[in-house]
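Secondary and tertiary structure notes
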Amino acid sequence: MRIVTLSIPRQTSMQFSGHTWNVAGEKVSECLEQFLNLVGRHFDIANHQSNDLNLLEAMKLNKIFPLAGLGLFIFIPNGFALGQVQYVEKVDGQGSFPIVQPGVAATLYVDSNDFAGVIRAAGDLQADIVRVASLTPAIVHQENGLGTNAIIIGTIGKSRIIDRLIADHKVDVSPITGKWESFFIQVVPELLPGVANALVIVGSDKRGTIYGIYDLSEQMGVSPWYWWADVTPEHKDALFVKPGKYIQGPPAVKYRGIFLNDEAPDLSNWITDKFGTVPPGKNPPIPPGVANYNRQFYTKLFELILRLKGNYLWPAMLNNAFNEDDPENPRLADEYGVVMGNSHPEPMLGVQKEWDRRHLKTLGSWNYAKNPDVLENFWREGVRRNKDYESIITMGLRGADDTPMAPGGPEANMALLGKIVDLQRKIIAEEVNPDVTKVPQLWCLYKEVQDFYNAGMRVPDDVTLLWAEDNWGNVRRLPTAEERKRTGGAGVYYHFDYHGSPRSYQWLNTSPIAKSGTRCHSRSNMAPIGSGS
């Protein structure tokens, strides 16, 4: 399993009934703490200033579980909202908001002008209330249908009611305004005419609002793994939100994601059993027998990532092409709110299988020294195709099938690789944004690529450096104090299992949690989150 993260500072607070809760001060057993952190179940810490976090501390600030490429799933069936103040209860209290009372559920409101992903997630909240209470709340998009008790969901600048409440000083959004992926949930009595009690879920941006929705679902008892692991929530006839305000964000780790790799045979066999194979075609060229990693699969994965407060995905790539196997995949990823990228050997949003299906028989594997014009056009098409979607572009070049770009190492190839990066930046400026520094990019220092960095090769400061361990859970190097000043920041790419030379280790948990914990404690300012294989 591989871990991919890119990091920024974060501060969080939780306020209920006039109290600020310091979850960081609560004791958690060392064993449970390491397990949660290292398999990826990251929980929020209150009042934690994270400008100088070590790995384990930063990991607690966000939560995501590994979904292994081999199809192995890790979960805690009843461990919902771990590390957070429990603000949803089964009993009424003074000033509480009733999500569900015997026989009746609060109305859900979301503006029809809000992000499509927010409107979709509001539908998930409706379904989650059915899962828990067997009652179906109404969803409305107009103020005149709110009813006595209403859950008002909205993104700042995208919801007419939320924006009016802000202008009328009925809700204070200053703790989250302009911040990345932040939200608050607040009980507000007599918020609007005819509304005796309201629960507002306000997000600073699309994912902030979505996280707020899913945070409430988890507090109600719906596991993020309800579909993947068949986790049936406990039935509850009543659900109440305690009075007060819960604030979360922004995250310490800006991009938190998983990589579905070495996904065959197990996950690909499951995909074929459930969804069949991709219909063969000539435009785009798709051979027979390709496991159908389609929108039905990926939307379930997108939802899981978001429920776990992740936001980033490298898709399956051994024999698949995310954009071409189902052309709806990239559009739906963006609609849901998942940032897409590609693995370390696949630059410029073009994947190896797209190249192989077109050129392998005539040109062989991609090789810039032999086919610069063809490869340049391939890269240009990749970024052009995805320019309207939220992505992080992998930079540089490695050889096909996880091999070096060419023999000879940095001494023979550094000048060529530098030329390639310059060309890729030029293409991004021409196809995506003339200010290339505004386009998220990363350079993954995996295997032999770190040798280029050690030999003196550098990329522009706005490109994130994704540091990798040695495939065996031993972190090779993390940024120095000077390197941490780079505007592009840094990330961690970490294995819990591995397929490759000199020896594969899969199916078993070969990297002990204690070892990973030691590695995490010994490194500072980075936070591994997510997985692949």
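Residues numbered from 1 in each chain as written. Predicted model: local features only at pLDDT ≥ 70, side-chain atom pairs only at ≥ 80, totals over all residues. Heavy atoms only, no water.

So, on to the packing of helix α5 (residues 206–220) against helix α7 (residues 295–307). Contact geometry for α5 and α7: axes closest at 9 Å, N-to-C directions at 80°. If you check the angle between α5 and α7, you find them roughly perpendicular. Where α5 abuts α7, its residues Arg 207, Ile 210, Tyr 211, Tyr 214, Ser 217 and Glu 218 lie against Glu 303, Leu 306 and Arg 307. Of the residues contributing to the contact of α5 with α7, the split by class is four nonpolar, one polar and four charged. (Axes fitted to C-alpha atoms, helices over the stretch in contact; angles between N-to-C directions. Helix = DSSP H or I, 4+ residues; strand = E, 2+ residues; numbered from the N terminus. Parallel < 35°, antiparallel > 145°, perpendicular 65-115°, else oblique. Contact = heavy atoms within 4.5 Å. Nonpolar A, V, L, I, M, F, W, Y, C, P; charged D, E, K, R; others polar.)

A few words now on the sheet that holds strand β6 (residues 104–105). Spatial strand order, β4-β12-β5-β6: four strands in an open sheet with antiparallel pairing. Two strands close off the open sheet at either side, each with one partner strand: β4 (88–89) and β6. The pairing of strand β5 (residues 97–101) with strand β12 (residues 239–241) spans three bridges and is antiparallel. Paired with Pro 98 across the bridge in β12 is Phe 240. (Pairing = 2+ DSSP bridges.)

A general trend in soluble globular proteins is that nonpolar side chains are found buried together. One finds Ile 99, Ile 151, Leu 216, Tyr 298, Leu 301 and Phe 302 to be the most contacted residues of the largest nonpolar core, which totals 59 residues. When neighbours within four sequence positions are excluded, Leu 216 is seen to be in contact with Tyr 87, Val 88, Ile 99, Leu 125, Ile 151, Ile 185, Leu 199, Ile 201 and Val 241. Of all hydrophobic cores here, the second largest spans 37 residues; its members include Met 348, Ile 393, Val 449 and Val 463. (Core = buried A, V, L, I, M, F, W, Y, C linked by side-chain atoms within 4.5 Å. Buried < 20%, exposed > 50% of the residue type's maximum accessible area, 1.4 Å probe, protein only.)

Our next topic: the confidence of the model for the chain. Here the chain averages 84 in pLDDT, while 81% of its residues score no lower than 70. Predicted confidence is poor over residues 7–79, with pLDDT under 50, and the contacts of this stretch with residues over four places away or in other chains come to 243 contacts. For the stretch residues 524–533, pLDDT sits under 50, and the model shows 67 contacts to residues farther than four places along the chain or on other chains. (pLDDT = per-residue confidence, 0-100.)

To continue, consider the side chain of Thr 107. Mapped onto the fold, Thr 107 is located in strand β7 (residues 107–110). When its relative accessible area of 12% is taken as the criterion, Thr 107 is described as buried. Setting aside residues up to four positions removed in sequence, Thr 107 forms contacts with Ala 138, Val 140, Gly 145, Leu 146, Asn 149, Ala 150 and Ile 151.

A few words now on the pairing of strand β10 (residues 183–192). Burial within β10 is extensive, with eight of its 10 residues counted as buried. In this sheet, strand β11 (residues 195–203) lies alongside β10 in antiparallel orientation, the contact comprising eight bridges. Within β11, the position partnered with Gln 186 by the bridge is Val 200. Counting the residues that bridge the hairpin from β10 to β11 gives two residues, and of these Gly 194 lies at a positive phi of roughly 85°. As defined by bridge partners, β10 adjoins strand β13 (residues 244–248) across four bridges and the pair is classed as antiparallel. Its bridge partner being in β13, Phe 183 is matched across the sheet by Gln 248.

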